[in-house]
Amino acid sequence: MKEFKKFLIRGNVLEIAVGLIMATYFGAIVKSFVNDILMPPIGILLGGVDFSEMKLVLQDAVAETASSAATAEVAIAYGLFINTIITFIIVAFAIFMVVKSYNHLKEKMEKKEAAAPAAPAAPSKEEVLLAEIRDLLKK
């Protein structure tokens, strides 16, 4: 329990939670962008194709009758899968750009630190003592 409390106090959990929330909503925004903005024009360019309606029907839906219950349609929705792949590509590209920017900034900071001359080390106790002796002998 002590180790868990220490983990919580360090702030990692808060950072992870914020990252997860941001990623969830970023994914929702990208999904909406793909489904509502990007795919309709692509569908028009491809001859009026609506990717969200593209599917391979394995079994048609059957309405409820007096002798049997209703059954839902069974289909492979490959159009939605295409939308999901496009969404993934956009999210992956955005993450790539963020990581690339981070790495570039990190390299720039490391070069700046390496280029900055190191401050001279403080004199040791022996050097300070010898300097005091020298100053006393000069008097």
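Here, the structure is the one placed above.
Residues numbered from 1 in each chain as written. Predicted model: local features only at pLDDT ≥ 70, side-chain atom pairs only at ≥ 80, totals over all residues. Heavy atoms only, no water.

*Asks:* I would appreciate a short explanation of the overall build of the protein chain in the present structure.
*Replies:* Within the protein chain, the secondary structure is distributed over four helices and two strands. Listing each helix as α and each strand as β along the protein chain from the N terminus yields α-α-β-β-α-α. A globule of 139 residues ought to have a C-alpha radius of gyration of about 14 Å, yet the protein chain, at 32 Å, is considerably larger. The principal-axis extents of the C-alpha atoms in the protein chain amount to approximately 120 × 50 × 20 Å. Going through the 139 residues of the protein chain one by one, you find that 6% of them count as buried. Long-range pairs, those at least 24 residues apart, make up 40% of the contacts in the protein chain with a sequence separation of at least 6. Of the accessible surface of the protein chain, which amounts to about 12100 Å², a share of 69% is contributed by carbon and sulfur atoms. (Helix = DSSP H or I, 4+ residues; strand = E, 2+ residues; numbered from the N terminus. Rg over C-alpha atoms; globule rule 2.2 N^0.38 Å. Buried < 20%, exposed > 50% of the residue type's maximum accessible area, 1.4 Å probe, protein only. Contact = heavy atoms within 4.5 Å. Areas by Shrake-Rupley, 256 points an atom, 1.4 Å probe, with all protein chains shown as cover.)

*Asks:* Looking at this structure, how should I read the side chain of Asn83?
*Replies:* Tracing the chain through its elements places Asn83 in helix α3 (residues 78-115). Once you skip the residues sitting within four places of it in the chain, Asn83 turns out to touch Val34, Asn35, Met39, Phe51 and Ser52.

*Asks:* So what exactly am I meant to see when it comes to the environment of Thr71 here?
*Replies:* With respect to the helices and strands, the residue Thr71 is situated in the loop between β1 (56-59) and β2 (74-76). For Thr71, a relative accessible area of 35% gives the class partly exposed. In this structure, the C-alpha to C-alpha distance between Thr71 and Phe7, residues 64 residues apart in sequence, is 51 Å. Excluding anything up to four places from it in sequence, Thr71 contacts Gln59, Asp60, Ala61 and Val62.

*Asks:* Explain the pattern of salt bridges to me, please; I cannot follow it from the model alone.
*Replies:* Under the definition given, this model contains two salt bridges. The shortest N-O distance in the salt bridge between Glu73 and Lys55 comes to 2.8 Å. Of this pair, Glu73 sits in the loop between β1 and β2 while Lys55 is found in the loop between α2 (12-45) and β1, placing the two residues 18 residues apart along the sequence. For Glu73, a relative accessible area of 35% translates into the label partly exposed. We classify Lys55 as partly exposed; its relative accessible area is 37%. Residue Asp135 is joined to Arg134 by a salt bridge in which the shortest nitrogen-to-oxygen separation is 3.4 Å. You can call Asp135 partly exposed: its relative accessible area is 37%. (Salt bridge = Lys/Arg side-chain N within 4 Å of Asp/Glu carboxyl O.)

*Asks:* Just checking my understanding: could you explain a nonpolar patch on the surface for this structure?
*Replies:* A cluster of nonpolar side chains, contributed by Leu56, Leu58, Val74, Ile76, Tyr78, Phe81, Ile85, Phe88 and Ile89, occupies part of the molecular surface with about 890 Å² of accessible area. Of all the secondary-structure elements, those providing two or more residues to the nonpolar patch are β1, β2 and α3. With five residues, the single largest contributor to the nonpolar patch is α3. The residue Ile89 is located in helix α3 in this model. The class of Ile89 is exposed, set by a relative accessible area of 51%. (Patch = residues over 30% accessible without salt bridge, like charges linked within 9 Å, V, L, I, M, F, W, Y side chains within 5 Å.)

Function cannot be read off these values alone, since they describe shape.
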